[in-house]
Structure formats: C-alpha cells, structure tokens
Amino acid sequence: MALCTDTPEQIRAGRAKHGAKATLLSDPELAVTDLYGLRNPRNFAPGRNGVPGFRALPIPTTILVDAHGMVRWIDQSTDYQVRSSPERVRAALSARLT
C-alpha cells in the first residue's frame, strides 16, 4: 500500500501508464502526511493542473508495520525522487520475520 499526493483521478490514469500494482491512496492535501510528520520541509514540486506556484511534498518513506500495528522498520530518503529499493525492503522483511 502506498500514499501519494496525486488525486484519485491521477492515480487511475497513472496506474495504466506506469503499470502500478500496489494499492495507492490519495493524500493531495498532505493530511495523512502531516499527521505522521512526514512533510518534507526542503522539497517542493511545481504546481499542477494549470495552478502556478509550488506544492509541498512528503518525505519518501517506507514503513514496515507488523500485524499488531508496531513499526518494525522505517526507511526515508532525502531525495523526493528516490524510494527504497525492492532489495532493501526484502532484506528488512527477512531480518524482521526471523
């Protein structure tokens, strides 16, 4: 599951274009992002849909949560274009499942 700043319409359009298979949840106003303190104070993206200016972005964050809701691993990037690699996530899963 992933949270992104795209609207539901943008998620639907991007799913076909990029072949995304994960469940994507929309957070265009960063409400959930702010709830968890994950707004990136240094990174902004250009406005969209003809709206000039800039919009805030979240810190790219991958969180491994167990069945009891406990955070078991967290990985964050300082670059808004970089996400946790599948190999890094698999290694974290393996380390926490044993």
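A brief report on the enclosed structure follows.

What counts and what doesn't
- Residues numbered from 1 in each chain as written.
- Predicted model: local features only at pLDDT ≥ 70, side-chain atom pairs only at ≥ 80, totals over all residues.
- Heavy atoms only, no water.
- Helix = DSSP H or I, 4+ residues; strand = E, 2+ residues; numbered from the N terminus.
- Buried < 20%, exposed > 50% of the residue type's maximum accessible area, 1.4 Å probe, protein only.
- Contact = heavy atoms within 4.5 Å.
- Areas by Shrake-Rupley, 256 points an atom, 1.4 Å probe, with all protein chains shown as cover.
- Patch = residues over 30% accessible without salt bridge, like charges linked within 9 Å, V, L, I, M, F, W, Y side chains within 5 Å.
- Salt bridge = Lys/Arg side-chain N within 4 Å of Asp/Glu carboxyl O.
- Pairing = 2+ DSSP bridges.

1. Quick word on the overall build of the protein
Thought 1: Looking only at helices and strands, the protein has three helices and six strands in total.
Thought 2: Listing every helix and strand of the protein by position from the N terminus yields β-α-β-α-β-β-β-β-α.
Thought 3: Projected onto its principal axes, the C-alpha positions of the protein cover 50 × 30 × 25 Å.
Thought 4: Burial status across the protein gives 22% buried among its 98 residues.
Thought 5: Long-range pairs, those at least 24 residues apart, make up 24% of the contacts in the protein between residues at least 6 apart in sequence.
Thought 6: When the accessible surface of the protein is totalled, it reaches about 7300 Å², and 58% of it is carbon and sulfur.

2. Side note on a nonpolar patch on the surface
Thought 1: A surface patch of nonpolar side chains, about 680 Å² in accessible area, is lined by M1, L3, L25, V32, L35 and Y36.
Thought 2: Looking at the element boundaries, M1 is found in the segment before β1 (2-4).

3. Structural notes on unusual backbone geometry
Thought 1: For L30, which is not glycine, the phi dihedral falls at a positive 65°.
Thought 2: Along the chain, the position of L30 falls in the loop between β2 (24-26) and α2 (31-35).
Thought 3: On the accessibility criterion, L30 (3% relative accessible area) is buried.

4. Quick word on the pattern of salt bridges
Thought 1: Tallied over the full model, the rule gives five salt bridges.
Thought 2: Close ionic contact of R12 with E9 constitutes a salt bridge, the shortest N to O distance being 3.7 Å. Pair noted here: R12 and E9 are both in helix α1 (residues 8-18), with a separation of three residues, about one helical turn. As far as burial versus exposure is concerned, R12 and E9 are alike and both exposed.

5. Description of the environment of E29
Thought 1: Structurally, the position occupied by E29 is in the loop between β2 and α2.
Thought 2: Relative accessible area serves as the criterion here: at 66%, E29 is assigned to the exposed category.
Thought 3: Considering only alpha carbons, one finds E29 and A56, 27 residues apart in sequence, at a separation of 8.9 Å.

6. A closer look at the pairing of strand β5 (residues 61-65)
Thought 1: Two elements, β5 and strand β6 (residues 71-76), share five bridges in a ladder whose sense is antiparallel. Along β6, the bridge assignment pairs V65 with V71.
Thought 2: The hairpin formed by β5 and β6 contains five residues between the paired strands, and G69 there has a positive phi angle of roughly 85°.

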